[in-house]
Amino acid sequence: MSTIIPSPAQVRIFDTTLRDGEQSPGCSMSPSQKLVMARALAELGVDVIETGFPASSHSDREAAALIARELRQTTLCVLSRCTPGDIEASVRALEGAARPRIHLFLSTSPLHREFKLRMGREQVLEAVSRSVAAARALVEDIEFSAEDALRTEEDFLAEVIAEAIAAGAGTINLPDTVGYTTPGEIRGLFERMIAHVPGARDVVFSTHCHNDLGLAVANSLAAIEGGARQVECSVNGIGERAGNAALEEVVMGLKVRGAYFNADTAIDTARIVPTSQLLQRLVGMPVQRNKAVVGANAFAHEAGIHQHGMLRHRGTYEIMRPEDVGWPSSQMVLGRHSGRAAVEQRLRALGYLLEEAELELVFADFKALCEKQRVVHDSDLQALMQDGADSQGYRLASMTVSDAGHRARATVELSDPDGDRLFETAEGDGPVDALFAALARATGVDLTLESYQVHSVGLGADARGEANLSVRYEGEDYDGTGTSKDIIEASALAWLDVANRLLRARDGVKNSELAEA
Ligand code: KIV
Ligand code: ZN
């Protein structure tokens, strides 16, 4: 069966950035953004990409189908509840995929059975058996997840797993849905289930840990010690609430401590930082500076005593080399004289993998930008890609802000999602206040700002301003970023980035309304 892995030391990386990750507040992506990210994940070498939850929204269905048409080497998986409607939506979304997988889930813990499902043990067992068999009749590769497995009675969990295996599941996932377990506990659970459940040795056991107590990576590594051979994780650890296990940390944990774990992955670790930075840009959510592996400080040494040690032997204070995870050791300067190859190479380093025709378009934009500025920085390229990856939504055509009189006044000209022009003027307590009021009037979106930060990116004459906004809208959080030479314009771009994200989310059905997966 396709789910059985050849080497007992190989741990499969199941990436859920586009499903559990995208489901988290402020991280929604459009189908075209998901395709950009899926390409980067395939290049990174993940074994399975969970592309979405087709029954939850039109946008998820579109993204899954878009990715299925293009990526032929990676297993593509979609999430499905144990219902005929969900299974049918999943099969349709995977049509034409070279390596399709359906990921069925049902809660098994007493709390979920009583309050969420209102089902008894027998009903759960019956639903698992029926749904796995039905899905297996349509798609060969089936994964089953016992949601909230880590708070499920062990005897019942064993029965559920046996039922799913007997009905044809090739992968069994035991999620720590609420981030409740500890390393010792999860390791023991995997050991006992693999040792005692009938058929367990013929399937792959998978771990899926949430980070509510900051233990998701430690628990995932402990599950591997207990026999799990698939880890469900996400880039930068994005995911429901405090997130999922961070892919980069799990992968580097296994690599740096390979001798201890006696296990490794197929990940091309030099692609980790570009992929992380791509995601930060796509969802507008930067990682903290001290984030392991991919944070700006992960390889920075400031203390004199550390610098001294590093100069003598880098191993004194570094357990992995920055270049092994994709931090650039040197920077190439891009400008008027740079060719397509240099631009393509820099975009690859930033995580963007473009087809010929897409590169042509970006290169033309790059040349136009070189007419305005001497050096094109990474942030400029990212801004060009951002515009290309998501051309739907409101776009800024022009703006003027004056702060001469008693109150500041801003006028904005936008193109709406249909390409029509809109003009609006508003006053405010300062230029930014007036600008945001004009944008709110023009789009009809009223945002309550949670945070607004501006900082400069790059140096000297080519320095640009970057604005980051966080807002709360109908109980959900959204973030956005804008970059420009002018910080007020960067703020307008960040505002529109947020507004477009929440309008996209509002157009689709919110995942959280459909399932608390
Ligand atoms: O956290 C969880 O239990 C999930 C399942 C759907 C795998 O995301
Ligand atoms: Zn989850």
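Before reading on, note that the structure itself is shown above.
Residues numbered from 1 in each chain as written. Chains lettered and ligands numbered in written order. Predicted model: local features only at pLDDT ≥ 70, side-chain atom pairs only at ≥ 80, totals over all residues. Heavy atoms only, no water.

## Comments concerning the overall build of the protein chain
Note the threshold: Segments assigned H or I by DSSP are reported as helices when at least four residues long, segments assigned E as strands when at least two residues long, and all are numbered from the N terminus. Both definitions apply: the radius of gyration is a C-alpha atom measure, and the globule rule equals 2.2 Å times residues to the power 0.38. Classification of residues uses two cut-offs on accessible area relative to the type maximum, computed with a 1.4 Å probe and protein chains only: under 20% is buried, over 50% is exposed, and between them is partly exposed. For the area figures, the Shrake-Rupley method with a 1.4 Å probe applies, and any residue is considered shielded solely by the protein chains shown. Charge counting follows a simple rule: Lys and Arg are positive, Asp and Glu are negative, and His as well as the terminal groups are ignored. A charge is said to be at NZ when it belongs to Lys, at CZ for Arg, at CG for Asp and at CD for Glu.
Each helix and strand in the protein chain was counted, giving 19 helices and 16 strands. Relative to a compact globule of 517 residues, whose C-alpha radius of gyration would be 24 Å, the protein chain shows 24 Å and is just as compact. If one aligns the C-alpha atoms of the protein chain with their principal axes, the spans along those axes are about 75 × 60 × 40 Å. The buried share of the protein chain, taken over its 517 residues, is 56%. If you sum the accessible surface of the protein chain, you get close to 21800 Å²; carbon and sulfur atoms cover 51% of it. Within the protein chain, one finds 51 positive and 75 negative side-chain charges whose respective centroids are separated by 3 Å.

## Digging into the sheet that holds strand β13 (residues 421-428)
To be explicit about the condition: Paired strands are those between which DSSP finds at least two bridges. Here an angle of 0 to 180 degrees is reported between the N-to-C directions of two axes, which are lines fitted to C-alpha atoms, with helices fitted over the stretch in contact. Whether two residues touch is decided by their heavy atoms; if any such pair falls within 4.5 Å, the residues are in contact.
Pairing in this open sheet of three strands is antiparallel, and the strands run β11-β12-β13 from one edge to the other. Unpaired on one side and paired on the other, β11 (395-402) and β13 mark the two borders of the sheet. This sheet shows a mean twist of 15 degrees between the axes of neighbouring strands, independent of strand direction. Here strand β12 (residues 408-415) pairs with β13 via eight bridges, running antiparallel. The residue bridging Ser415 from the neighbouring strand is Arg421, located in β13. Where helix α17 (residues 431-443) meets the sheet, it contacts β11, β12 and β13, and its direction lies at approximately 140 degrees from that of β13.

## Side note on the nonpolar core
Short version of the rule: Take the buried Ala, Val, Leu, Ile, Met, Phe, Trp, Tyr and Cys residues and link them wherever side-chain atoms come within 4.5 Å; each set so joined is a nonpolar core.
The biggest cluster of nonpolar side chains holds 111 residues, and the ones touching the most others in it are Phe144, Ile172, Leu174 and Phe205. Not counting the four nearest positions on each side in its chain, Leu174 is found in contact with Ala149, Leu150, Leu157, Ile161, Leu189, Phe190, Met193, Phe205, Ser206, Thr207 and His208.

## Digging into the coordination of the zinc ion (ligand 2)
For clarity, the cut-off: Donor selection uses N, O and S atoms within 2.8 Å of the metal (3.2 Å for Na, K and Ca). Since no water is included, sites may look incomplete.
Every protein donor of the zinc ion (ligand 2) is listed here as Asp20 (OD), His208 (NE2) and His210 (NE2), and their distances to the metal cover 2.0 to 2.2 Å. The motif formed by the donor residues of the zinc ion (ligand 2), counted along the single chain, is D-x187-H-x1-H. Each member of the pair, His208 as well as His210, is classed as buried.

## Topic: the environment of Cys370
Within the element layout of this structure, Cys370 appears in helix α15 (residues 356-372). Cys370 sits in the buried class, given a relative accessible area of 5%. Distance from Cys370 to Pro431, taken between C-alpha atoms, is 29 Å for residues 61 residues apart in sequence.

## A word on the packing of aromatic side chains
Worth spelling out the cut-off: For this analysis, a ring pair means two rings from Phe, Tyr or Trp (six-membered ring only for Trp) whose centres lie within 6.5 Å, classed as stacked if their planes differ by under 30 degrees, edge-to-face if by over 60, and tilted for the remaining angles.
Inspection of every chain in the model, using the stated rule, returns five aromatic pairs. With a centroid separation of 6.3 Å and 75 degrees between ring planes, the pair formed by Phe190 and Phe205 is classed as edge-to-face. Placement of the pair is Phe190 in helix α8 (residues 183-196) and Phe205 in strand β7 (residues 204-209), with a sequence separation of 15 residues. With a relative accessible area of 2%, Phe205 lands in the buried category.

Read these as geometric descriptors, not functional statements.
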